[in-house]
Amino acid sequence: MKVQILVDNPDSWMVPHAGELCAQVRELGHDARLLHDPEAVEAGDMLVLLSCERRFRDLAKNTHNLVVHESALPEGRGWSPLTWQILAGENEIPITLFEAVDAIDAGPIYLQDVMHFAGHELLPELRAEQARKTLELVLRFLDAQSDLEERPQRGEGSAFPRRTPSDSRLDPKRSLAEQFDLLRVCDNERYPAWFERDGVKYVLRIEKAGD
């Protein structure tokens, strides 16, 4: 089977995990390639779209075009579903593997699972579990695809908006405890937490202390 794994941003945090998935697929005896350019996608059996920042439209090239999304579709379509749910106080986060179609996040569902968090995990830990579950779902599909039945999404669902730097803004008049979930999902390098006081902007980075 010819399997292609596309992460269209070579600097994405998902790249090492996509490489791990590619290696595991090869160990199963399949032809697997990791790509960063959508134009490089060839005709094949399976295309896995991981953390793609651009919409991939040439779905006819592959028999299956798989996407993994961190919500109970059709609820929570759109951008950064894991982040938005953590901000809403959720620590049991659904994750869905589905077939890509022309409409965004609207394709039929093959597999669903749940990620379990304790409430203290920061972004690197959240991402590590997201990646682990993503790889697990793709490998489950690869192992049992002939026995899987797709089911259509039902209902209009809901959608999350794209996050911007303003979404990482802290309120200095509120406690850290009140804003801890926001600190959990901020990326210390790409979009750190920040606040403004007396016209001066400050950046606040967070990490767990060692033993």
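Here goes a summary of the coordinates provided. (Residues numbered from 1 in each chain as written. Predicted model: local features only at pLDDT ≥ 70, side-chain atom pairs only at ≥ 80, totals over all residues. Heavy atoms only, no water.)

## Some points on the packing of aromatic side chains
Part 1 of the argument: Applying the stated criterion to the full structure yields three aromatic pairs.
Part 2 of the argument: Between Tyr-110 and Phe-141, the ring centres sit 4.9 Å apart and the planes meet at 65°, which makes this aromatic pair edge-to-face. Separated by 31 residues along the polypeptide, Tyr-110 in strand E7 (residues 109-116) and Phe-141 in helix H3 (residues 123-144) bring together distant segments of the chain. Of the two residues, Tyr-110 and Phe-141, both sit in the buried class.
Part 3 of the argument: Their ring planes at 20° and their centres at 5.3 Å tell us that Phe-195 and Tyr-202 sit as a pair that is stacked.
Part 4 of the argument: A cation over a ring is seen here: Lys-201 above Trp-194, with NZ or CZ 4.3 Å from the ring centre. (Phe/Tyr/Trp six-rings, centres within 6.5 Å; stacked < 30°, edge-to-face > 60°. Helix = DSSP H or I, 4+ residues; strand = E, 2+ residues; numbered from the N terminus. Buried < 20%, exposed > 50% of the residue type's maximum accessible area, 1.4 Å probe, protein only. Lys NZ or Arg CZ within 6 Å of the ring centre and 35° of its normal.)

## A short note on the packing of helix H1 (residues 15-27) against H3
Part 1 of the argument: Close contact between H1 and H3 brings their axes to 10 Å; oriented N to C, the two are set at 25°. By the criterion of interaxial angle, the relationship of H1 to H3 is roughly parallel. Note that H1 runs across H3; the crossing there is right-handed. In this structure, H1 contributes His-17, Glu-20, Leu-21, Gln-24 and Val-25 to the contact, and H3 contributes Ala-131, Leu-135, Val-138, Leu-139 and Leu-142. (Axes fitted to C-alpha atoms, helices over the stretch in contact; angles between N-to-C directions. Parallel < 35°, antiparallel > 145°, perpendicular 65-115°, else oblique. Left-handed = near helix turned anticlockwise from the far one by under 90°. Contact = heavy atoms within 4.5 Å.)

## Some points on H1
Part 1 of the argument: Between the first and last C-alpha of H1 there are 19 Å, a value that for 13 residues agrees with the 18 Å anticipated at 1.5 Å per step.
Part 2 of the argument: For H1, the complete set of buried residues consists of Val-15, Ala-18, Leu-21, Cys-22 and Val-25. Angularly, the buried residues of H1 cover 115° about the axis, an arc narrow enough to put them on a single face. The outward face of H1, more than 90 degrees from its buried face, is lined by the exposed residues Pro-16 and Glu-27. (Expected span 1.5 Å × (residues − 1). Arc of directions from axis to C-beta.)

## Some details on the sheet that holds strand E3 (residues 44-49)
Part 1 of the argument: The mixed open sheet is built from six strands, whose spatial order is E2-E1-E3-E4-E6-E7. Looking at strand neighbours, the two that pair on one side only are strand E2 (31-35) and E7, the edges of this open sheet. Taken pair by pair, the neighbouring strands of this sheet meet at an average axis angle of 20°, ignoring direction.
Part 2 of the argument: Note: strand E4 (residues 62-69) against strand E6 (residues 92-99), four bridges, orientation antiparallel. Bridging from a neighbouring strand, Leu-66 pairs with Glu-99 of E6.
Part 3 of the argument: Each of strand E1 (2-6) and E2 touches H1; the most contacted strand, E2, lies at about 170° to it.
Part 4 of the argument: Along the sheet face, H3 touches E1, E3, E4, E6 and E7 and points at about 150° away from the line of E7. (Pairing = 2+ DSSP bridges.)

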